[in-house]
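Each chain, letter by letter, is given below.
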Amino acid sequence: MRSLCLALVAAGLFASTAATAQTTMRIGLQDDPDVLDPVRARTFVGRIVFASLCDKLVDISPDLKIVPQLAESWKTSDDGLTLTFTLRNGAFYHDGTPIDAASVKANLDRAMTLPDSNRKSELVSVASVEAPDARTVVLRLKQRDASLLSQLSDRAGMMLSPATFDKEPGRNPVCSGPYRFKERVQNDRIVLDRFDKYWDKDNYHFDQVVFTPMPDTTVRLNNLRSGGLDIVERIAPSDTQAVKSDTNLRLAPVTGLGYQAISINIANGARANNPLAKDKRVRQALDLAIDRDVINQVVGEGMFQPAYQPFPPASFAYDKSIERTGRDPKKAQELLNQAGYDRVKFELTFGNNTTMQQVFELVQAMGAEAGFDISLKPLEFASLQSALPQGDFEVGQTGWSGRVDPSGNIYQYITCKGSLNDGKYCDAQMDKLMDDARSVADEAKRRELYAQAMQKMQEDDPRIYLFYLPWIFGTQAKVQGFIPYPDGLIRLKNVKIATK
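This is a predicted model, so every value here is computed, not measured.

Peer 1: It is not clear to me how the overall build of the protein should be interpreted in this structure. Could you clarify?
Peer 2: When helices and strands are counted, the protein shows 15 helices and 18 strands. Overall, the C-alpha framework of the protein stretches about 90 × 60 × 40 Å when taken along its three principal axes. Within the protein, counting contacts between residues at least 6 apart in sequence, those at least 24 apart form 69% of the total. For the protein, the computed accessible surface area is about 19900 Å², with 50% contributed by carbon and sulfur atoms. Each charge sign in the protein was given a centre, from 61 positive and 63 negative side chains, and these centres are 2 Å apart.

Take a look at the structure:
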């Protein structure tokens, strides 16, 4: 009898432990996010955290349609200059205050005016925001903007409690999503707790979500295999077969909207004083020196589709005419000679993770054959995000996770006042093309404007695109309901962990 009682107690303890384990979702990130303030943030991994922390006015569906979130409906005026949102009832910030039109106006005004806001260029078409009643938000536009709704489906449309604007929201964000901020230990973890007043709480099934940065792809995978993580983002292409063959794991890939590229520091501080900044022929030579097909084969295992533009093949703005294959080191050397150089030295700064180290070692080797002596400067990801806007780079890694509208993939990076234009490339003709492409609704007309912009990009080469981003997720097999989205974000709605 005593042994039976002990067995029952042990079984009960095991069941209790198992049940407790299922209340926490553990997610492995490739990098440590930057500041947790949607207005100031720059990083993709930060957006993954925001997907659980901060609701937006609208969201996207897996098939890239705009769907309601904090706004239950919206309409655009016939002249395209007024966008009106109707907010849902019963939504609250994490401090318990209701999400109303006045608070939404405060958030949008902050995004447009805060000196270090990275959302200014995303909302540049907005002249003013009005809150005529508690549930109605009206955006008055300077000109038509076909991209605006898609911008509001991301950080520009995320809502923080206005009461916390002057209380370092980046360190202690009081947001509006299904999970509320609990703690952060830099380079170790970000912990969120379930928000019981969330308007859609019945579809979120974890008491806690823990995000853990792990830059090494092997370490991330081993933690997934051992059961220390439930979901990891960016499985290395070389590890996909290992995940597929493990019955305890699942591979969940999706074609993304974004890209990896390198940005040339053309006019941002003292480090812009280099041959690449001074002469577009040197930039063109570097472009010609890089074989994207080799990067795809050697690092991407066939999953890093070569890119020569910011628009993925699924975009209506994608221009097949500027694609090419291979590389041309002979032509690259000729361009260097025309510019008056035999060899050119420069430093390439990038985020220190396994995959990008391999990519840029290939770039370094290919550049050497074409006349470039490239020194590699790997930085902790947060340090990279600090160095780029300060101009503390000659050539820097710049990845973008992609947006539904093509403007979201280029405008803020290439216009003179673009909030993510770290290299400070500036050209009046390019600005006009970018503004015109936003202000028309007809896709054919927009496509032609973007085609003109891409021809100019090929000529000036301020940014060199490398490959389109696949989002390759790995999950425990017991994770149910996880859907990979083309924007690469991890949405936990309806996600559960099966119990045996």
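The rest of the description comes next.
Peer 1: I keep staring at empty space enclosed by the protein and nothing clicks. Help me out?
Peer 2: A probe as big as a water molecule, rolled over the atoms, marks out the empty space that is left. According to the stated counting rule, one finds five cavities of 30 Å³ or more in the structure shown. As a volume, the largest cavity reaches approximately 270 Å³. Taken together, 24 residues form the lining of the largest cavity, with Phe44, Phe381, Gln385, Gly399 and Trp400 sitting closest to its centre. Within the residue set of the lining of the largest cavity, elements represented by two or more residues are α2 (44-53), β12 (249-264), α12 (381-390), β15 (395-400) and β16 (463-476).

Peer 1: Even after reading the chapter, I still don't get the confidence of the model for the protein, so can you show me in this structure?
Peer 2: The predicted structure's coordinates, where accompanied by low pLDDT, should not be read in detail. The predicted model of the protein averages 94 in pLDDT, with 95% of residues at 70 or higher. In this model, residues 1-21 is a region of pLDDT below 50 whose contacts with residues beyond four sequence positions or in other chains number zero contacts.

Peer 1: Hey, could you run me through unusual backbone geometry in this one?
Peer 2: Outside of glycine, negative phi angles account for most residues, and trans bonds account for most peptide bonds. With a phi close to 65 degrees, Asn187 is a non-glycine residue in the positive phi region. Mapped onto the fold, Asn187 is located in the loop between β8 (179-185) and β9 (189-194). Its relative accessible area of 37% is what places Asn187 among the partly exposed residues. A positive phi angle is found at Arg234, which is not glycine, with a value near 60 degrees. Along the chain, Arg234 turns up in the loop between β11 (231-232) and α6 (240-244).

Peer 1: Is there a simple way to explain the packing of aromatic side chains in this structure?
Peer 2: Working definition: an aromatic ring pair is given by the centre-to-centre distance plus the angle between the planes. According to the stated counting rule, one finds 11 aromatic pairs in the structure shown. Note on Phe346 and Phe372: the rings are 6.0 Å apart at their centroids and 75 degrees apart in plane angle, and the pair reads as edge-to-face. Taken together, the positions of Phe346 in strand β13 (residues 344-351) and Phe372 in strand β14 (residues 372-379) put the pair 26 residues apart, joining distant regions of the chain. In this pair, the class of Phe346 matches that of Phe372, namely buried.

Peer 1: Just to check I follow, could you spell out helix α3 (residues 101-113) for this structure?
Peer 2: A turn of α-helix holds 3.6 residues, and therefore any two residues three or four places apart point the same way. Counted at 1.5 Å a residue, the expected span for α3 with its 13 residues is 18 Å, and the 18 Å between its end C-alpha atoms agrees. Among all positions in α3, only Ala101, Ser103, Val104, Asn107, Leu108, Arg110, Ala111 and Met112 are buried.

Peer 1: When you look at the sheet that holds strand β6 (residues 126-133) in this model, what are you seeing that I'm missing?
Peer 2: Paired through backbone hydrogen bonds, the strands of a sheet run either parallel or antiparallel to each other. Read across the open sheet, the four strands follow the order β4-β5-β7-β6; overall the sheet is antiparallel. Edge positions in the sheet fall to β4 (71-76) and β6, since each has one partner strand and no second. Put simply, the sheet's adjacent strands are angled 20 degrees from each other on average, direction ignored. Pairing of strand β5 (residues 82-87) with strand β7 (residues 136-141) involves five bridges; the strand directions are antiparallel. Within the sheet, the bridge partner assigned to Leu83 lies in β7 and is Leu139. In the packing of α3 onto the sheet, the strands contacted are β5, β6 and β7, and the crossing angle to β6 comes to about 165 degrees.

Peer 1: Whenever I open this one, the sheet that holds β9 confuses me. Can you help?
Peer 2: As summarised here, the arrangement of the 10 strands in space is β8-β9-β10-β1-β11-β16-β12-β15-β13-β14, forming an open sheet in which the pairing is mixed. What marks the edges here is a single partner per strand, and that holds for β8 and β14. In terms of strand pairing, β9 meets strand β10 (residues 208-213) through four bridges, oriented antiparallel. Its bridge partner lying in β10, Leu192 is registered against Val209.

Peer 1: How should I be thinking about the state of the cysteines in this particular structure?
Peer 2: Think of a disulfide as a covalent bridge from one cysteine sulfur atom to another cysteine sulfur atom. Tallied over the full model, the rule gives two disulfides. One disulfide in the model links Cys54 with Cys175; its S-S distance is 1.9 Å. Handedness here is read from the sign of the S-S torsion; for Cys54 and Cys175, about 120 degrees, the answer is right-handed. With Cys54 in the loop between α2 and β2 (58-60) and Cys175 in the loop between α4 (148-151) and β8, the pair connects residues that are 121 residues apart, well separated along the chain. Between the sulfur atoms of Cys416 and its disulfide mate Cys426 the distance is 1.9 Å. The disulfide joining Cys416 to Cys426 has a torsion of about 95 degrees about its S-S bond and is therefore right-handed. In this pair, Cys416 sits in the loop between α13 (411-414) and α14 (428-439) while Cys426 sits in the loop between α13 and α14, placing the two residues 10 residues apart along the sequence. Judged by its relative accessible area of 25%, Cys416 falls in the partly exposed class. The disulfide pattern of the protein is 1-2, 3-4 when the bonded cysteines are numbered in sequence order.

Peer 1: What should I look at first to understand the pattern of salt bridges in this one?
Peer 2: When charged atoms on two side chains of opposite charge get close, those side chains can pair. On inspection of all chains with the given rule, the structure shows 37 salt bridges. A salt bridge links Asp373 to Arg343; the nearest nitrogen and oxygen atoms lie 2.9 Å apart. Taken together, the positions of Asp373 in strand β14 and Arg343 in the loop between α10 (329-338) and β13 put the pair 30 residues apart, joining distant regions of the chain. In this structure Arg343 comes out as partly exposed when scored by relative accessible area, which is 38%. Asp436 serves as the salt-bridge partner of Lys432, at 2.7 Å between the closest nitrogen and oxygen. Placement of both Lys432 and Asp436 in helix α14 is noted, with a separation of four residues, approximately one turn of the helix. On the basis of relative accessibility, which here comes to 52%, the residue Lys432 falls in the exposed class. Judged by relative accessible area, which is 25%, Asp436 ranks as partly exposed.

Here is what the cut-offs are and how they apply
- Residues numbered from 1 in each chain as written.
- Predicted model: local features only at pLDDT ≥ 70, side-chain atom pairs only at ≥ 80, totals over all residues.
- Heavy atoms only, no water.
- Helix = DSSP H or I, 4+ residues; strand = E, 2+ residues; numbered from the N terminus.
- Contact = heavy atoms within 4.5 Å.
- Areas by Shrake-Rupley, 256 points an atom, 1.4 Å probe, with all protein chains shown as cover.
- Lys, Arg positive; Asp, Glu negative; His and termini not counted.
- Charge placed at Lys NZ, Arg CZ, Asp CG, Glu CD.
- 1 Å grid on protein atoms, 1.4 Å probe; cavity = no way out; pocket = protein on both sides within 12 Å on 5 of 7 lines; lining within 4 Å.
- Points joined across faces, edges and corners; volume = space filled by probe spheres on them.
- pLDDT = per-residue confidence, 0-100.
- Buried < 20%, exposed > 50% of the residue type's maximum accessible area, 1.4 Å probe, protein only.
- Phe/Tyr/Trp six-rings, centres within 6.5 Å; stacked < 30°, edge-to-face > 60°.
- Expected span 1.5 Å × (residues − 1).
- Pairing = 2+ DSSP bridges.
- Axes fitted to C-alpha atoms, helices over the stretch in contact; angles between N-to-C directions.
- Disulfide = S-S within 2.5 Å.
- Salt bridge = Lys/Arg side-chain N within 4 Å of Asp/Glu carboxyl O.

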